[in-house]
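# Reading the structure
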Amino acid sequence: GTGFAVLDGGYILTAAHVVRGATEIVVRWDGRGYRATAIATSADHDLALLFVETAPPIPPAPLADQGPEIGDRVTAVGYPSGSTRPIPLSTEAVGVGWWVMGPHGAVLRDVIATKNAFRPGYSGSPLVNEAGQGVGIVTGSVNAPGGGELGFAVSIHQAVDWLAQRGMTLPVASGGPAVREAKILSSVVRIEARFPPGPP
């Protein structure tokens, strides 16, 4: 899966289903691997906050104080299966404020629906607006009525509110000049999670 830095000091946001039940989590950034621990998870939001034990200087991603509107261009920046570098995937917001069934039966609120589905590995990726600010966290895809697939991302507001309840304030910005793509790419990490063996 994928994650991205939201605060200095090694705090990484991702989707909960990427790391739920993992016995070991490794965050890969700038060609190196770092052990991480899930210090908070929420099935109700499909979000997890990781802490990197030996924190490299991963710059936090800029976050937007407003979500996209229907028709806005948005981009997920993540590590699809087999990728060793983050790959942007541009799409379009086709729904905002949706409620959808999450990976483990929880109803996710304030979800952004996208015109294109996300391949495995994009889970936990930042979904960014045209200014390069994070507006959501990729949670998955689903078959759409009438054929095709839709992608889904939990609104960044859900993450901001969830972490505020834990005494953590995520900085958000309104408008402003576009952020260079390199800044977004440098905040994104690849997450490798190991799980206990299943039943024989």
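As a reminder, the structure under discussion sits directly above these lines.
A quick note: this is a predicted structure, and the numbers were derived from the prediction, not measured. Within each chain, residues carry numbers counting from 1 in the order of the written sequence. Two thresholds apply to this predicted model, a pLDDT of at least 70 for residue-level local features and 80 or more for giving and counting side-chain atom pairs, whereas whole-chain, interface and lining totals are computed over all residues. Water and hydrogen atoms were dropped before computing side-chain values, which therefore reflect all heavy atoms in the structure.

Here the focus is the overall build of the protein chain. For the purposes of this entry, the term helix denotes a DSSP run of H or I that reaches at least four residues, the term strand denotes a run of E that reaches at least two, and both are numbered from the N terminus. Along the protein chain, the regular secondary structure elements total three helices and 14 strands. Computed over the C-alpha atoms, the radius of gyration of the protein chain is 15 Å, within 12% of the 16 Å expected from 2.2 N^0.38 for a compact globule of 200 residues. With respect to the three principal axes, the spread of C-alpha positions in the protein chain is 45 × 40 × 35 Å. The 200 residues of the protein chain split such that 48% are buried. Note on contacts: a residue pair is in contact if any heavy atoms of the two residues lie within 4.5 Å. Relative to all contacts within the protein chain whose residues are 6 or more apart in sequence, the contacts with residues 24 or more apart total 65%. Working definition of accessibility: Shrake-Rupley area with a 1.4 Å probe, residue cover restricted to the visible protein chains. For the protein chain, the exposed surface amounts to about 9,500 Å²; the carbon and sulfur share of it is 51%. Taken together, the 14 basic and 16 acidic charged side chains of the protein chain have centroids lying 8 Å from each other. It is over C-alpha atoms that the radius of gyration is taken, and the globule rule equals 2.2 Å times the number of residues to the power 0.38. Exposure is judged per residue with a 1.4 Å probe applied to protein chains only, and the accessible area is read against the type maximum: over 50% gives exposed, under 20% gives buried, and values in between give partly exposed. When charges are counted, neither His nor the chain ends are considered; positive counts come from Lys and Arg and negative counts from Asp and Glu. For this purpose, a charge sits on NZ of Lys, CZ of Arg, CG of Asp or CD of Glu.

Looking now at the pattern of salt bridges. Any Lys or Arg side-chain nitrogen found within 4 Å of a carboxyl oxygen on Asp or Glu counts as a salt bridge. Across all of its chains, the model carries four salt bridges by this definition. As a salt-bridge pair, Arg-28 and Glu-192 come within 3.0 Å of each other at their nearest N and O atoms. Of the two residues, Arg-28 is situated in strand E3 (residues 24–29) and Glu-192 in strand E14 (residues 188–194); the sequence distance between them amounts to 164 residues. For Arg-28, a relative accessible area of 35% gives the class partly exposed. Arg-190 is the partner of Glu-192 in a salt bridge, and the nearest nitrogen-oxygen pair spans 3.6 Å. A residue is classified by how much of its surface remains accessible, and Arg-190, at 24% relative accessible area, is partly exposed.

Another aspect to go through is the sheet that holds strand E2 (residues 11–14). Read around the barrel, six strands follow the order E1-E2-E5-E4-E3-E14 and close on themselves; strand pairing throughout is antiparallel. Here the strands of the sheet are splayed against their neighbours by 40 degrees on average, with no regard to which way each runs. At least two bridges found by DSSP between two strands are what make those strands a pair. Inspection of the sheet shows E3 paired to E14 by five bridges, in the antiparallel sense. Within E14, the position partnered with Val-27 by the bridge is Ile-191. The strands touched by helix H2 (residues 156–164) are strand E1 (2–7), E2, strand E4 (32–42) and strand E5 (47–52); relative to E5, the strand with the most contacts, the crossing angle is about 60 degrees. Between N-to-C directions, angles span 0 to 180 degrees; the directions come from axes that are lines fitted to C-alpha atoms, helices contributing only their stretch in contact.

We now examine the side chain of Asn-129. Mapped onto the elements of the fold, Asn-129 is located in the loop between strand E10 (126–128) and strand E11 (134–143). Note on Asn-129: relative accessible area 19%, which makes it buried. In the analysis that follows, any N or O atom pair within 3.5 Å is treated as a polar contact, provided that within protein one partner can donate a hydrogen and the other can accept it, and provided that, for residues neighboring in sequence, both atoms belong to side chains. Here the side chain of Asn-129 touches Gln-133 through a polar contact of 2.9 Å, landing on its backbone nitrogen. Non-local contacts of Asn-129, meaning those with residues more than four positions away in its chain, are made with Ala-64, Arg-73 and Val-135.

What follows concerns H2. Every α-helix carries 3.6 residues per turn, so stepping three or four residues along brings you back to the same face. Among all positions of H2, only Ile-156, Gln-158, Ala-159, Val-160, Trp-162 and Leu-163 are buried. For H2, the N-terminal capping position is held by Ser-155, with its side-chain oxygen 3.1 Å away from the main-chain nitrogen of His-157.

Geometry only, nothing functional implied.
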